[in-house]
Amino acid sequence: MPLTQEQKKQFKSIGHHLKPVLIVADNGLTEGVQAELERALSDHELIKVQLRITERESRLAAINELCKAGNADLVQVIGKMALIYRKNPKVNKNLSNVHRHHA
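Please read all numbers here as calculations on a predicted model, not as lab measurements.

Could you clarify how one ought to interpret the overall build of the protein in this entry?
Looking only at helices and strands, the protein features 4 helices and 4 strands. Since a compact globule built from 103 residues should have a radius of gyration of about 13 Å, the 13 Å found for the protein is in line with a globular shape. Measuring between centres, the 16 positive side-chain charges of the protein sit 8 Å from its 11 negative side-chain charges.

What should I look at first to understand the sheet that holds strand β4 (residues 81-85) in this one?
Sheet strands pair via backbone hydrogen bonds, and the direction of the pair is either parallel or antiparallel. Across the sheet, 4 strands lie side by side as β1-β2-β4-β3; this open sheet has mixed pairing. This sheet does not close on itself; its edge strands, each paired only once, are β1 (22-24) and β3 (73-78). Here the strands of the sheet are splayed against their neighbours by 25° on average, with no regard to which way each runs. Where β3 meets β4, 5 bridges bridge the pair, whose relative direction is antiparallel. Considered in β4, the bridge of I78 is made with M81. Lying on the sheet, helix α1 (residues 5-15) is in contact with β2 (46-51), β3 and β4; it crosses β3 at an angle near 55°.

Can you walk me through the side chain of N88 in this structure?
Examined against the element boundaries, N88 turns out to sit in the loop between β4 and α4 (97-102). Note on N88: relative accessible area 16%, which makes it buried. At 2.6 Å, the side chain of N88 and the backbone oxygen of S42 are in polar contact. Within the structure, the side chain of N88 is placed 3.0 Å from the backbone nitrogen of K90, a separation counted as a polar contact. For N88, the residues in contact, after removing those within four places along its chain, are S42 and E45.

I would appreciate a short explanation of the pattern of salt bridges in the present structure.
Where charged atoms from two side chains of opposite charge come close, those side chains can pair. The tally for this structure, following the rule as stated, stands at 3 salt bridges. One salt bridge in this structure joins R86 and E38, with 2.9 Å as the shortest N-O distance. Highlighted residues: R86 in the loop between β4 and α4 and E38 in helix α2 (residues 31-44), separated in sequence by 48 residues. What makes R86 buried here is its relative accessible area of 14%. A salt bridge links R39 to D43; the shortest N-O distance between them is 2.8 Å. In this pair, R39 and D43 both sit in helix α2, 4 residues apart, roughly one turn of the helix. Salt bridges sharing partners connect three or more residues here, namely E36, R39 and D43.

Thresholds, definitions, all that
- Residues numbered from 1 in each chain as written.
- Predicted model: local features only at pLDDT ≥ 70, side-chain atom pairs only at ≥ 80, totals over all residues.
- Heavy atoms only, no water.
- Helix = DSSP H or I, 4+ residues; strand = E, 2+ residues; numbered from the N terminus.
- Rg over C-alpha atoms; globule rule 2.2 N^0.38 Å.
- Lys, Arg positive; Asp, Glu negative; His and termini not counted.
- Charge placed at Lys NZ, Arg CZ, Asp CG, Glu CD.
- Pairing = 2+ DSSP bridges.
- Axes fitted to C-alpha atoms, helices over the stretch in contact; angles between N-to-C directions.
- Contact = heavy atoms within 4.5 Å.
- Buried < 20%, exposed > 50% of the residue type's maximum accessible area, 1.4 Å probe, protein only.
- Polar contact = N/O pair within 3.5 Å; in protein donor to acceptor, adjacent residues only side chain to side chain.
- Salt bridge = Lys/Arg side-chain N within 4 Å of Asp/Glu carboxyl O.

What follows is the structure in structure tokens.
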């Protein structure tokens, strides 16, 4: 189910203060990047990704690939940063950026 505008607004305000936990370079979605994406989404739900890809179209394609690979929703893209979210049904409240923000 896609995110509502209200959810996106809330996640953007949380994401503003986050540091990137994943960096994607010109190599694209390697196995290591995919494994780290999976771990980060499971732990934190809402993550910031930095893309060190100069070509805009390639960057947007990589973001779409990331979301598809991680089964995640794109919240926002600003320049070379992307904010993505995937709900975790068995969330660790100490690690989740969403739950920590509400506490």
